[in-house]
Amino acid sequence: MNNNKILHLEIIKDVAVVTFDDPASKVNTISPQLSSEFQEIFDEIAKNNTVKASVLISGKPDNFIAGADINTLKNAKSAEEVERLSREAQRLLDRLATTPKPVVAAIHGTCLGGGLEIALACHYRIATDHPKTVLALPEVMLGLLPGAGGTQRLPRLVGIQAALDMMLTGKNIYPRKAKKMGLIDHVAIPQGLKEIAIEAARRLSNKALRSKRRKPKLVEKVLEKTAVGRKILFSQARKMVMQKSLGLYPAPLAILDVVQQGIPRSLEQGLAYESKRFGELAQTPESKSLIHLFFGQTSLKKNRFGDPKTKVRKIGVLGGGLMGGGITSVSAQKGLQVLIKDIKLEAAVKGKKQLFDDLQKRVKQRVLSSFERDKILNRVNAQADYRGFENCQLVIEAVLEDIAIKHKVIKEMEPHLSENAIFASNTSALPIKEIAKASQRPQNIVGMHYFSPVQKMPLLEIVVTDQSSQEAKAVAVDVGLRQGKTVIVVKDGPGFYTSRILAPYMDEAAVLVQEGVGFYELDEQLKKFGYPVGPVTLLDEVGIDVGAHVGEFLGRVLGKRVTSGDPKVFEEIIAKGYLGRKTGKGFFMYDKKVRGRKPINPGMQEIIQKHCKPGAQAPSAEEIQLRMGLRMVNEAVLCLQEGVLENPVDGDIGAVFGLGFPPFHGGPFRYLDTVDADWVALTLERFSERYGSERFRPAPLLLDMAKSGKKFHPV
Amino acid sequence: MISTPKELDPVLIDGVRTPFLRSNGAFTRLSTYQLGSKAIAGLLNKTGIDPKLIDHVVMGCVIASPKTPNVAREAALVAGIPNTVPAHTVTLACISANVAATSLADRIRLGQMDVAIAGGTENLSDPPIQVSQNVRFAMVKAQKAKGLADYIKILRELSLKDIIPDIPAVAEFSTGESMGQGCERLLRQAQVTREETDQYAVRSHQLAAKAWEEGNYNEAVTPVEVPPKFAAVVKDDGPRGDSTMDKLAKLRPAFDKVFGVSTAGNSSFLTDGASAILLMSRKGAQELGFKPKAILKDYVYAGGDPLDELLTGPALTIPKLLDKNGLKISDISVWEIHEAFSAQMVAMIKLLKSEKFCRERLKRDGALGEIPLEKMNVWGGSLSLGHPFGATGGRLLETAARRLEREGGRYAVVAGCAAGGHGSAILLENPH
């Protein structure tokens, strides 16, 4: 039946219009079914003598083709199988590229990965000038490379440098930029896309129109068209990739290699090599972990509590500090009305200024008009009183991390709120149930733990208590998703999930420093393990006082597991005013004039040395990484065991997107599945013995898993 | 008297304005539409009304930027009013916002709409200065020029004096006289002295400063953050509470520089700012749960001689409004009258109690009477708070309605003069 088809053929005079419209999904993806239909339709077009040219267009309102169906890849068993899939796709697109009847890609909406590779195989590309229209090759984010000719066709079309930039970052290209760089031939208005594409196809067929190739600049010619130039170019690119990825991610290096090998050779040779490397990459644990995260993130886009009864239109934000301003910014940018309130108007305005600064950056990049900027700014009202709070359906407080202040704020504010308004506390550790004690309506209270800077950090940890109502949970998740966050939901408890698993990790860092491990050394080792920032720098960024405050609080509740470092050291550090970047001095010295590596703060060095208790022998690099990493992983397992986590997916996503747990490990649970729970349990026990400390004692659930050989993420 | 069903009475719900700042101050780089949007956004925020419920937006503006001829539309869109709500701009000099309000009131009374926003916006720091006419013509020709020879030919037609720009003057087009000169004519007619004039100016400044001190404007004025530093402006910068007769007496006349009475100290100054008020039908307010502050009961506009009666407007309209509604001066508990010049205010009061003026010019049986100062502009006026041309009417209506609500009187009159010899007077009634 025609109804189940993805491709639809319509012949308009002498032009065949092929419409992609997958009846089973809101977005078009590339699947085996598509391949076979593709064959059929192009056989038909080839046979039909009245047809002189064709147009590829999507029937979806906001996407062309969103890429390949990742499940197909996930289910493939071997590198050879994936290589074969890639070869098949390439052959299909080769047929498209070599057909004597010109093909026009008419692009409206997202055109990603395999979708763009199809467009690249066409003879002419038209994209609509619409905010939803973006072109990108994001395969690298999944630890892959564009495996349907992308690595070969793209550099041949737009030049090596522009192609590498796209493929190594996966970044979005918008139509105007795409036209400028030669990625597309024409920008059209959405309303006329089909008609313009048909006209273009017709003119191409009778040679009245030709795809104009971009003229490369002289520097580009020298760098890209000569063997010597290319050598320099690729060695520079490789250096940059190594600097950024520390060689932990195979995909960017493979992309470089495939382009470097393919460009001086024939397209066919290049394509064969692309498929080979694609197949290999698909089987790497890095890629599998990144795909695991991708599926995890996708699954979290759904509100697990269902749609809330009230659709939030206006929110209140208390506190104009870094967090309050950040929450205001992401909310207003996604269309929410915001009242931002602080004790002083100036402080509230300062919070609103974050939004202005965020928008102004985009105005300067010319992706936002000043008109739109002002429109978004007008969604926010900075104020020093509670006027208008009665119209807010959700209020998020971001005041100081002090239970007494939180209580005061709730008591002061509650009379100004409507009875059904949800109140969310943005705290990184204080138990929500404790906070809710000051409230007349504890059922309306949840935690919304944002990460700093809110605009950049993708995670939102929502904390629910056994008192939180279904509506409160649904509203919090709904708003979080609308703010563009990846939302995990955890149960209330000290430190919830993310702060709690960070505590033993940072505690181990303190122990290591006191054992005499240098600041640079410690940071370096953890970066090599895959964290984006080392623990010493992290503490400087967060603020040593904040870290100590949270650590001390968690220590009281969680006990020995997080308090092996000497608390007296922190007291001394804080007394000296070494609070981290915000005071200019922490472990390192922050002077704007100093470029590159920040110098060590000698005052801090002195304090540490005074308290230094070196072990029998300095820990090896691997030991440093494992002592820290495994303590975090172990605590995550405890969280799952205690029900703080609903499932391991929340745990993986939370650790990666909130704390920077190495993405190529896919999160603590995925890591356990990969390296084996048994080995982790043994290693922890070994540490436990060696250091005579219960801080390494494996979680009971971990021991169970080790014994049974079960996986946290059963395949 | 207008007789329409009571439920169609247009009512004023609330009003918001930006701070009014002397031109070339902090608002210099905000465009007219941005200032207007701040007033509308402030109003939406203060009232909490769903912007989808608004039926129409009308804003007054006098010195329009050439880039935003319909500034009301841009201001409304940027303020968050949906694009399905039409918006247009009106202009009648200093009573533009009055026109915005009364025209919407009419449409509410006719049952055409239930919810509307009136207001005005003005940035006088950035007047649209044009290149000279000859340069403009040359530029148009240059677009069609082919080759260097054509350009040279066009350039040759220009002379050095053509580089002098064309600056818009605050002058009457038909007579070429400025407002200040018009004021000198009026004050001579009513025999106003320099002392009376300065006295009234001191009063205005002191009352405005006091009103701010007492917090009377806190709820009406929305803070405006000014990029790039994003410092919030929260107050008017016009009022000078330390104003004294001695200080004003030292100033030299500004218009008739030898024998004149009006000085920079007793005239209103160029101001940047915007205002917006929310109007509804009485029925609409009831249905949506809003409490009206005042009913827009009636209004009168009048025109006079642009030369001799440039600023006589309120003296022409106030008697007409009161007579039409069968009211006497003593029936009015709140007066809010636009203070273009101190001397103009003193003259207006004198004319209204003058037998001669009222009989000859207004064809009344006798004088109207004396407006009691203790009921007029008691929170300051345009002389001290400032006068962003298109926005002043919104300020006057909001203040009058709030004073009516606070003082509990029955009627308020809002009046103003405007270029072209125009006058406006609006009658508000307390609904409670």
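Nothing here was measured: the structure is a model prediction, and the numbers come from that model. (Residues numbered from 1 in each chain as written. Chains lettered and ligands numbered in written order. Predicted model: local features only at pLDDT ≥ 70, side-chain atom pairs only at ≥ 80, totals over all residues. Heavy atoms only, no water.)

1. Some remarks on the overall build of chain B
Step number 1: Along chain B, the regular secondary structure elements total 14 helices and twelve strands.
Step number 2: Against the compact-globule benchmark of 22 Å for 432 residues, chain B has a radius of gyration of 22 Å, which places it among compact chains.
Step number 3: Seen through its C-alpha atoms, chain B measures out along the principal axes to roughly 75 × 55 × 45 Å.
Step number 4: When contacts within chain B are restricted to residue pairs at least 6 apart in sequence, those whose partners lie at least 24 apart make up 80%.
Step number 5: Accessible area for chain B stands at about 18,000 Å²; split by element, carbon and sulfur atoms hold 55% of it. (Helix = DSSP H or I, 4+ residues; strand = E, 2+ residues; numbered from the N terminus. Rg over C-alpha atoms; globule rule 2.2 N^0.38 Å. Contact = heavy atoms within 4.5 Å. Areas by Shrake-Rupley, 256 points an atom, 1.4 Å probe, with all protein chains shown as cover.)

2. Brief notes about helix α23 (residues 544–558) of chain A
All names here are of chain A.
Step number 1: The terminal C-alpha atoms of α23, which comprises 15 residues, lie 20 Å apart, in line with the 21 Å expected from a rise of 1.5 Å per residue.
Step number 2: Listed in full, the buried residues belonging to α23 are Ile 544, Ala 548, Val 550, Phe 553, Leu 554, Gly 555 and Leu 558.
Step number 3: Those residues of α23 that are buried are in contact with α20 (498–514), α22 (535–542), α24 (567–575), α25 (602–611) and α26 (621–641).
Step number 4: Positioned one or two residues after α23, Gly 559 has a phi angle of 70°, which is positive. (Expected span 1.5 Å × (residues − 1). Buried < 20%, exposed > 50% of the residue type's maximum accessible area, 1.4 Å probe, protein only.)

3. Considering the interface of chain B and chain A
Interfaces are frequently sized by the accessible area removed from exposure as the parts join.
Step number 1: Counting from both sides, the interface comprises 25 residues of chain B and, opposite them, 20 residues of chain A.
Step number 2: Taken together, both faces of the contact between chain B and chain A bury some 1,800 Å²; the carbon and sulfur share is 54%.
Step number 3: The largest contributions to the chain B side of the interface with chain A come from Asn 45, Val 78 and Phe 230 of chain B, which together make up 35% of the buried area.
Step number 4: At the surface where chain B touches chain A, the tally comes to one salt bridge.
Step number 5: In this structure, Glu 225 of chain B and Lys 352 of chain A form a salt bridge, with 2.9 Å as the shortest nitrogen-oxygen distance.
Step number 6: Counting every contact that joins chain B to chain A gives six residue pairs in polar contact (both at pLDDT 80 or more).
Step number 7: Of all the secondary structure elements, the ones that give two or more residues to the side of chain B that touches chain A are α1 (32–47) and α2 (71–79) of chain B.
Step number 8: For the side of chain B that touches chain A, the element with the highest residue contribution is α1 of chain B, accounting for six residues.
Step number 9: Tallied by class, residues from the side of chain B that touches chain A come to 13 nonpolar, six polar and six charged. (Buried area = accessible area lost by both parts, 1.4 Å probe. Salt bridge = Lys/Arg side-chain N within 4 Å of Asp/Glu carboxyl O. Polar contact = N/O pair within 3.5 Å; in protein donor to acceptor, adjacent residues only side chain to side chain. Nonpolar A, V, L, I, M, F, W, Y, C, P; charged D, E, K, R; others polar.)

4. Overview of the pairing of strand β7 (residues 124–128) of chain A
Residues and elements named next belong to chain A.
Step number 1: Most of β7 sits out of view: five of its five residues are buried.
Step number 2: On β7, burial covers both faces: Tyr 124, Ile 126 and Thr 128 on one face and Arg 125 and Ala 127 on the other are all buried.
Step number 3: Relative to β7, strand β5 (residues 103–107) is paired through four bridges, and the arrangement is parallel. In the sheet register, Ala 106 faces β7, and the bridge partner there is Ile 126.
Step number 4: The pairing of β7 with strand β9 (residues 186–188) spans three bridges and is classified as parallel. (Pairing = 2+ DSSP bridges.)

5. Quick word on the pattern of salt bridges
Step number 1: The final tally for this structure, using the stated rule, is 68 salt bridges over all chains.
Step number 2: Of the charged contacts in the structure, one is a salt bridge between Arg 631 of chain A and Glu 508 of chain A, with a shortest N-O distance of 2.5 Å. Remark: Glu 508 of chain A occurs in helix α20 and Arg 631 of chain A occurs in helix α26; sequence separation between them is 123 residues.
Step number 3: Judged by relative accessible area, which is 0%, Glu 508 of chain A ranks as buried.
Step number 4: A salt bridge links Arg 402 of chain B to Glu 219 of chain B; its shortest N-O distance comes to 3.9 Å.

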